[in-house]
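Observations on chain architecture
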Amino acid sequence: MILNSKKEYIRYLIFLVVIYIFLFRDLFIELIPVFSFFDEIFALLALPIFLYNLFKNKGLIEINKINWVVLLVVFFSIGLLGNIKYHYQPFVEAVLPDLFLNLKFWLTLYIGSEIFGNLDFYRYGKRIVLNIKFIIWIYIILFFIDNLSGGIFPADIRYNFRSTQFFYGAHTVFAAICIFLIALLTIIKERVSQINFYLVVLLLLLISTMRSKAFIAAIIYILVYYLILVLKKKINIKYIIMLVLIGIIIGITQIQFYFFNDLTDDIARVGMLVASIFIGIDHFPLGAGFGTFASFYSGQVYSPLYIDYDISWMYGLTEDHPSLVSDAFWPMIIGQNGYIGLIIFIIILVKIFKEIQKIYYIDKYKYMSGIFVFLYLMIASLAESAFVHPIAMPLALILGICLKKKSI
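Report follows, based on the coordinates.

What counts, and at which threshold
All residue numbers refer to position in the chain's written sequence, counted from 1. Local features in a predicted model are, by the rule used here, given only for residues with pLDDT of at least 70; side-chain atom pairs are given and counted only at 80 or more, and totals for whole chains, interfaces and linings are based on all residues. As a rule here, side-chain values cover all heavy atoms of the structure and leave hydrogens and water aside. Numbered from the N terminus, helices here are DSSP runs of H or I no shorter than four residues, and strands are runs of E no shorter than two. Working definition: with a 1.4 Å probe on protein chains only, accessible area under 20% of the residue-type maximum means buried, over 50% means exposed, and in between means partly exposed. It only takes one pair of heavy atoms within 4.5 Å for two residues to be counted as in contact. What sets the accessible areas is the Shrake-Rupley method with a 1.4 Å probe; for residues, cover comes only from the shown protein chains. Working convention for charge: Lys and Arg count positive, Asp and Glu count negative, and His plus the chain ends are omitted. Throughout, a charge is located at the NZ atom of Lys, the CZ atom of Arg, the CG atom of Asp or the CD atom of Glu. The span you would expect from a helix comes to 1.5 Å times its residue count less one. Each reported salt bridge corresponds to a side-chain nitrogen of Lys or Arg within 4 Å of a carboxyl oxygen of Asp or Glu. Here the nonpolar core consists of buried residues drawn from Ala, Val, Leu, Ile, Met, Phe, Trp, Tyr and Cys, with membership extended through side-chain atoms lying within 4.5 Å.

Digging into the overall build of the chain
- If you tally the helices and strands in the chain, you get 17 helices and two strands.
- The principal-axis extents of the C-alpha atoms in the chain amount to approximately 60 × 60 × 50 Å.
- The proportion of buried residues among the 408 residues of the chain is 54%.
- When contacts within the chain are restricted to residue pairs at least 6 apart in sequence, those whose partners lie at least 24 apart make up 74%.
- Looking at the chain as shown, the accessible area adds up to about 18900 Å², and 70% of this sits on carbon and sulfur atoms.
- Distance between charge centres in the chain, computed from 32 positive and 25 negative side chains, equals 19 Å.

Here is the structure:
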């Protein structure tokens with residue numbers, strides 16, 4: 001019993017360290033560059049954890065987990081077959097690192113489920129919340145210093161307000177940090193009282209980034225909270241459609257800008273989307289392979305597809321300035337894994353949603369947190385690299401915790 005208690009305490013300490021590194025990663029990298037490898041090192045821990053569980057269970061794997069593995073293996077195999085067939089990019093410099101970039105989300109989700117899904121939030125919830133409150137007060141102080149001083153952090157003006165970014169590399173990173181903290185507090189909410197104030201502050205900080213997806217996410221959280229915790233309803237297709245319509249109404253300005261503007265041809269996201277459709281057709285049934293299109297490494301090792309599909313002239317997609325090549329998610333899936341890969345990825349997402357739905361009868365707070373993170377990732381995938389962005393890792397951690405079907 002004492003040994004188990006000690007293990008649980010160590011698990012809590014590790015979780016706390018991981019939270020702090022995820023939250024202050026951008027700042028740590030500036031001070032100690034080695035922290036830029038934290039994502040990779042953390043994700044790689046999934047392998048020894050998997051081998052340990054395999055040994056502990058004498059080589060047996062749950063059917064549900066086998067299904068997950070099969071789907072992911074097929075998805076990644078399609079991409080690799082595209083690399084083998086077309087040879088657009090060098091394996092070591094572009095294909096391998098991009099393959100791992102695509103894997104990190106799923107490896108982190110597995111770690112969240114297997115390691116931190118068993119964390120006793122009744123016992124350690126108050127301590128975790130105490131640390132989150134400390135972090136939120138840092139944000140509050142920084143917010144007032146930043147605004148009252150006229151701006152000590154990078155920002156742009158949107159809707160006549162300064163957008164909040166702090167020391168993070170982009171506004172969208174801080175928005176995702178707020179999502180992570182809101183989701184974590186939601187999981188613990190039933191176990192720890194008097195945290196509503198901090199949830200409200202986080203929602204306001206989220207909105208202060210002045211990003212359309214932040215506005216949508218804040219409204220979705222309020223609606224999901226009302227549906228699940230007040231009305232005691234599950235989020236079915238009817239509610240999903242309602243939330244999607246609300247998101248479209250809120251984000252209509254951005255939708256018009258990206259798809260119905262006279263300058264559409266000059267916008268990287270649209271250029272990549274159109275190009276990916278033709279890449280998927282020309283390379284059917286596979287796709288061009290990892291590191292070839294709309295991914296970070298397709299810009300680092302400049303992919304010939306940008307030239308072949310006549311988008312290499314667009315701002316952010318040029319060989320000397322490929323800053324926007326990873327600014328979209330679905331074009332990457334279509335371009336690199338083809339239409340079959342796209343279908344498989346959608347099946348995986350549907351499976352995640354179904355697994356989240358099962359949590360409703362076990363723990364409504366985990367259910368709400370899982371739904372919220374899942375919906376945010378769906379929203380983010382329309383305007384950024386979402387599942388392959390470094391900030392997706394803490395969100396994957398939350399999803400993994402929620403998908404561990406255990407009342408905590």
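Alright, that's what it looks like, and here's the rest.
Some thoughts on the side chain of S163
- The topology assignment puts S163 in the loop between β2 (161-162) and α7 (171-188).
- The contacts of S163, once residues within four sequence positions are left out, are P154, A155, D156, H171, S208, T209, M210 and R211.

Quick notes on helix α12 (residues 268-282)
- With 15 residues, α12 should cover 21 Å at 1.5 Å per step; its first-to-last C-alpha distance of 21 Å lies within 8% of that length.
- Turning to α12, its buried residues are A268, R269, V270, G271, M272, A275, S276, I279 and G280.

A word on the pattern of salt bridges
- For the structure shown, the criterion picks out nine salt bridges.
- Of the charged contacts, one joins E384 and K213 as a salt bridge, the two residues approaching to 3.2 Å between their closest N and O atoms. With E384 in the loop between α16 (364-380) and α17 (392-403) and K213 in helix α9 (residues 212-230), this pair connects stretches of sequence that are 171 residues apart. Here the two residues E384 and K213 agree in accessibility, since each one is buried.
- Among the charged side chains, a salt-bridge network with shared partners connects R25, D26, D39, E40 and K104.

Quick word on the nonpolar core
- Counting residues in hydrophobic clusters, the biggest one holds 140 residues, and the most contacted among them are F15, I128, Y139 and L184.
- With 15 residues, the top contributor of residues to this core is α7.
- Leaving out residues up to four positions away in the same chain, Y139 has contacts with L23, F166, Y168, F174, I177, L181 and L205.

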